[in-house]
Amino acid sequence: MTARQILVVGAGMVGVCTAWHLRTRGHEVTLIDRRDPGSETSYGNAGLIQREAVKPHPFPRALTEILRVLPDQSIDIRYRAGAMVSERAALWEYWRKSTPESFAKIVPEYASLIVHCTEDHETMFTAARATELIRRDGWLQLYRSDAAFEAGLAEAADIRSRFGVEFAHIDRQQLHEMEPFLSVPQPIIGAIHWTNAWSVSDPGALVKAYAADYVKRGGKMLRMEVHAMEPAGERWHVSSATGESIDGDELVLATGPWSREWFEALGYRIPLFVQRGYHMHYGASGGAVLNHGIMDFERGYLITPKRAGLRITTGAELNTLEAAPRYGQLDAAENAAREIFPLGARKEPKPWLGARPCIADMKPVIGPAHKHPHLWFAFGHAHQGFTLGPTTGRLLAQMIDGETPAVDMRPFRSDRFED
């Protein structure tokens, strides 16, 4: 193997892990971003390494589900009409790919990545000496109704048999013993405990730990606002508006929700849209303690214990990347959370807002760009970029080195929307 000069643009979880794997293999790697590692989308998630997330989220197709979402008042999904119009081509493709027949084909392809997430994270957080950030006790998916709980248990049994997901059926009494400060028995009636998923006490700190280990191994960091990236003969040229520039033999585009402006400028047609999300940290009243991350399944938000406090993370907001914040979704999540747990006051003056890069067929784009030599894509992980960063980095490094990757990467190729 000949060492190459490789530029990785984007220092979120996916970009950092890709740079780490490439540097571990001996390449001369420069990781480029306008901000410090883990400061954007990878900072603001629920901090779960979701081994159970073997199924992506399809577009709602049942009439009852559409009617529930239509008033734009739910916690799990909100939307802006203008964004639905401007993103109509990608959303139409998303709708088409969400038929039961199409979704059934997508699930095992998507799961082929997820099943590796915990072992790949463990490789990296062990090397980075960041094990203190990891909790291996899973998280709880809470239910308020018997019908939803029964359906959830049936789904859990299915993915256990097909994909090795591990879970436990938690009744009211068991839930009270695990989380004595939750409002049990009402309105919560029970939970699914996802036992082979892990949680992270500080998601941004984990990305920074991975980045620090990458630098310790000889990797380079370049703080730069990228203005242009373009082929230069057999190489790639990246430059800023102020005249900074750098060349490399290979270029990896891992800029998450900002990827579209770059791949469209280079002539690629990939239906990427964003789903935005909000979070806020809270204290706990009366000495209450939350022992696990919890998802209020029928409301559609999460509460996860973090170093900074109890983090409430909302569901998805279908909106454009740069639209003004709309905090009603977070307010609704907070109100629902106060029904089941004694939250204290907000800990920050302003909620965090970020965006997840989503591809219409619910699978990321990972691999060589089909129109340009020496250009590689690693984006479109939707809500699972934090979970899938190490796996993506490992597989992409194998591909760059000309090896047969450990996973069939054909479902994630960049030209699949041009077939």
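In what follows, the structure referred to is the one given above.
Quantities reported herein were computed from a predicted structural model and do not represent experimental measurements. (Residues numbered from 1 in each chain as written. Predicted model: local features only at pLDDT ≥ 70, side-chain atom pairs only at ≥ 80, totals over all residues. Heavy atoms only, no water.)

> Just to check I follow, could you spell out the overall build of the protein for this structure?
Counting secondary structure elements, the protein contains twelve helices and 23 strands. For 419 residues, the compact-globule formula gives about 22 Å, and the C-alpha radius of gyration of the protein, at 21 Å, lands near that figure. Taken over the C-alpha atoms alone, the protein extends approximately 65 × 45 × 45 Å along its principal axes. When each of the 419 residues of the protein is scored for burial, the buried share is 58%. Taking all contacts inside the protein whose residues are at least 6 apart in sequence as the whole, residues at least 24 apart take part in 77%. Accessible surface, the protein as shown: approximately 17,000 Å² in total, 53% of it carbon and sulfur. Charged side chains in the protein number 47 positive and 51 negative. The centres of these two groups are separated by 1 Å. (Helix = DSSP H or I, 4+ residues; strand = E, 2+ residues; numbered from the N terminus. Rg over C-alpha atoms; globule rule 2.2 N^0.38 Å. Buried < 20%, exposed > 50% of the residue type's maximum accessible area, 1.4 Å probe, protein only. Contact = heavy atoms within 4.5 Å. Areas by Shrake-Rupley, 256 points an atom, 1.4 Å probe, with all protein chains shown as cover. Lys, Arg positive; Asp, Glu negative; His and termini not counted. Charge placed at Lys NZ, Arg CZ, Asp CG, Glu CD.)

> When you look at the nonpolar core in this model, what are you seeing that I'm missing?
The nonpolar side chains of a soluble globular protein tend to be buried, and buried together. Ranked by size, the top nonpolar core spans 82 residues in total, and within it Trp194, Leu206, Tyr210 and Val252 carry the most contacts. If near-sequence neighbours (up to four positions away) are discounted, Val252 is found in contact with Ile6, Leu7, Val8, Val9, Thr18, Leu22, Trp376, Ala378, Leu396 and Ile400. (Core = buried A, V, L, I, M, F, W, Y, C linked by side-chain atoms within 4.5 Å.)

> Would you mind showing me how to read the sheet that holds strand 5 (residues 134-135) here?
Pairing between the strands of a sheet comes from backbone hydrogen bonds, and it takes one of two forms, parallel or antiparallel. The strand order across the open sheet formed by three strands is 3-9-5, and the pairing between neighbours is antiparallel. The sheet terminates laterally at strand 3 (48-49) and strand 5, the two strands that pair on one side only. As paired elements, strand 3 and strand 9 (residues 198-200) share two bridges and run antiparallel to each other. Its bridge partner being in strand 9, Leu48 is matched across the sheet by Ser199. (Pairing = 2+ DSSP bridges.)

> I keep staring at the packing of aromatic side chains and nothing clicks. Help me out?
Each aromatic ring pair is described using two quantities: the centre-to-centre distance and the angle formed by the ring planes. Counting across every chain of the model gives twelve aromatic pairs. On the numbers, 5.0 Å between centres and 40° between planes, the contact of Tyr143 with Phe297 is tilted. In this pair, Tyr143 is assigned in strand 6 (residues 139-143) and Phe297 in the loop between strand 16 (293-296) and strand 17 (301-306), connecting sequence segments 154 residues apart. Judged by its relative accessible area of 0%, Tyr143 is buried. Plain terms: the ring middles of Phe377 and Phe379 are 5.1 Å apart, the flat faces sit at 55° to each other, and that makes the pair tilted. Note on Phe377: relative accessible area 0%, which makes it buried. Three or more aromatic residues joined by ring pairs make a cluster, and in this case those are Phe59, Tyr94, Trp95 and Phe273. Over the ring of Trp95 we find Arg61, and its NZ or CZ is 3.9 Å from the ring centre. (Phe/Tyr/Trp six-rings, centres within 6.5 Å; stacked < 30°, edge-to-face > 60°. Lys NZ or Arg CZ within 6 Å of the ring centre and 35° of its normal.)

> What's the story with the pattern of salt bridges in this structure? I'm lost.
As a working rule, side chains carrying opposite charge can pair if their charged atoms are close by. Evaluated as defined, the whole model comprises 34 salt bridges. The partner of Arg23 in a salt bridge is Glu28, with the nearest N and O atoms 3.6 Å apart. Of the residues examined, Arg23 reaches a relative accessible area of 18% and is grouped as buried. On the accessibility criterion, Glu28 (37% relative accessible area) is partly exposed. Two residues, Asp72 and Arg326, come together in a salt bridge whose shortest N-O distance is 3.5 Å. In this pair, Asp72 is assigned in the loop between helix 2 (63-69) and strand 4 (77-79) and Arg326 in the loop between strand 19 (316-318) and helix 11 (328-340), connecting sequence segments 254 residues apart. Classification of Asp72 as buried rests on a relative accessible area of 15%. Shared partners join several salt bridges into a network, and the residues in it are Arg34, Arg35, Glu40 and Glu225. (Salt bridge = Lys/Arg side-chain N within 4 Å of Asp/Glu carboxyl O.)

Remember that the coordinates give geometry; whether it matters functionally is a separate question.
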